[in-house]
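# Coordinates in review
Next come the chains, spelled out residue by residue.
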Amino acid sequence: MPLTDTHGPTLQGTFVQLLVRGLLAGLLAGLLAGAVAYVVGEPHIDSAIAIEEAAGADAHHAETDAAAHSHGEDALVSRDGQRVGLFLATGLAGLALGAIFASALHYGRRFTSLPGSILALIGAGAGWLAIEAVPFFKYPANPPAVGDPETITQRTWLWLASVILGLLAVAVAVYAAKAVASQHSVAIRVGAPLLAFLVVVGIGYALLPTVNEVGADFPATLLWEFRLSSLATQATLWLALGLGFAFLTDRAARPTRRETVAA
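As the structure is a prediction and not an experimental result, all values here were calculated from the model. (Residues numbered from 1 in each chain as written. Predicted model: local features only at pLDDT ≥ 70, side-chain atom pairs only at ≥ 80, totals over all residues. Heavy atoms only, no water.)

## Notes on the packing of aromatic side chains
Going by this rule: By convention, a stacked pair of Phe, Tyr or Trp rings (six-membered ring in the case of Trp) has centres within 6.5 Å and planes under 30 degrees apart, an edge-to-face pair has planes over 60 apart, and any other such pair is tilted. Put simply, DSSP H or I for four residues or longer makes a helix, DSSP E for two residues or longer makes a strand, and each gets a number counted from the N terminus. The classification of residues rests on relative accessible area computed with a 1.4 Å probe and restricted to protein chains. Under 20% of the type maximum is buried, over 50% is exposed, and intermediate values are partly exposed. Criterion for a charge above a ring: Arg CZ or Lys NZ at most 6 Å from the ring centre, at most 35 degrees from the ring normal.
In total, this model carries four aromatic pairs according to the counting rule given. Judged by centre distance (5.5 Å) and plane angle (85°), the ring pair of Phe 101 and Phe 245 falls under edge-to-face. Of this pair, Phe 101 sits in helix α3 (residues 79-108) while Phe 245 sits in helix α7 (residues 220-262), and the two are 144 residues apart along the sequence. On the basis of relative accessible area, Phe 245 is assigned to the buried category, the value being 0%. Arranged with centres 5.4 Å apart and planes meeting at 90°, the rings of Phe 136 and Phe 137 form a pair that is edge-to-face. For Phe 136, a relative accessible area of 14% puts it in the buried group. In this structure, Arg 21 is placed above the aromatic ring of Phe 245, and the distance from its NZ or CZ to the ring centre is 5.7 Å.

Now the structure itself:
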């Protein structure tokens, strides 16, 4: 059972209630992330696809080359269809992430007395740090026309390894924070978990191989802007998820507060 806290109620509700809360927050977060990806990401993808198709045409000079690309006008799914599918994909991803997020908070509330909304925001920040930030700075996202198709399996496994590294680093930082929680020095309480996180990430980055398949002729500005748009999309997803879950948590706690005041 969660402990009470003087700053606000802990995360209340059954698992099903938390799950519904997570699904609602996740769906909204996914749609917002899709909007960000559509506005700031799609133009860069179109530019990268144009480079890819131009390079393919110069290399093969054949009609079969156009059929081999999945982004052109003759593709099974047109670019307009892909743009519509973007919101469907991010919405479904948000639902799945919201369910996982709610399950994690349901388990995590047993070990903390933090207010429910604060726990949701901290959980979202930790999730973004572990699942997005740590993998991104080791293996940043690449646009179309970047990357060897034959190495996609290897790159997928390396990305998964970086996600595990991020989760491990966050877990070690949380353990370090609990270990120094009784210290009076703010520098120790803040510095110890931060140092633990950086040490684990640094060791992991050193052990994981470096992958750089960006061609020398690919525009550096386009690559940088695409990666920033990818980072902005994921940040929107996690921020909206944390804020949405926190808002729903506060609303759910209002009847309890009113009953307490009346009593």
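## Thoughts on helix α6 (residues 186-207)
The criterion, for reference: Take the residue count of a helix, subtract one, and multiply by 1.5 Å to get its expected span. We call two residues contacting when some pair of their heavy atoms lies within 4.5 Å. Polar contact is defined as a pair of N or O atoms within 3.5 Å, subject to the rule that within protein one atom must be able to donate a hydrogen and the other to accept it, and that residues adjacent in sequence are counted only when both atoms are side-chain atoms.
Here α6 contains 22 residues, and its C-alpha end-to-end distance of 32 Å stays within 8% of the 32 Å for a straight helix at 1.5 Å per residue. Taken residue by residue, α6 has Pro 193, Ala 196, Phe 197, Val 200, Val 201 and Gly 204 as its buried positions. Those residues of α6 that are buried lie in contact with α4 (116-138) and α5 (152-179). Of the residues flanking the start of α6, the one acting as N-cap is Ser 185, its side-chain oxygen 3.4 Å from the backbone nitrogen of Ala 187.

## Describing the side chain of Lys 138
Counting through the fold element by element, Lys 138 comes out in helix α4. Residue class for Lys 138 comes out buried when judged on its relative accessible area of 14%. A distance of 3.0 Å separates a polar side-chain atom of Lys 138 from the backbone oxygen of Tyr 205. With residues near it in sequence (within four places) discarded, Lys 138 still touches Tyr 205, Leu 208, Pro 209 and Thr 210.

## A look at α4
As a reminder, the rule being used: Across the chain, bend at a residue is computed as the angle between axes fitted to the seven residues ending at that point and the seven starting from it.
With 23 residues, α4 ought to run about 33 Å at 1.5 Å a step, and its terminal C-alpha atoms sit 32 Å apart, in line with that. Along α4, the helix axis deviates most sharply at Leu 129, where the bend reaches about 35°.

## Notes on a nonpolar patch on the surface
Using the following cut-off: Each patch is built from residues lacking any salt bridge and having more than 30% relative accessible area; the joining distance is 9 Å for like charges and 5 Å for nonpolar side chains (Val, Leu, Ile, Met, Phe, Trp, Tyr). Methods summary: accessible areas were calculated by the Shrake-Rupley approach with a probe of 1.4 Å, and residue burial reflects only the protein chains presented. Counted as salt bridges are all cases of a side-chain nitrogen of Lys or Arg within 4 Å of a carboxyl oxygen of Asp or Glu.
Residues Leu 114, Ile 118, Leu 121, Ile 122, Leu 239 and Leu 243 make up a contiguous nonpolar surface patch of roughly 500 Å² in combined accessible area. Only α4 and α7 provide two or more residues apiece to the nonpolar patch. At three residues, the largest contribution of residues to the nonpolar patch is made by α4. With respect to the helices and strands, Ile 118 occurs in helix α4.

In short, the description is geometric, and any link to function would need to be established separately.
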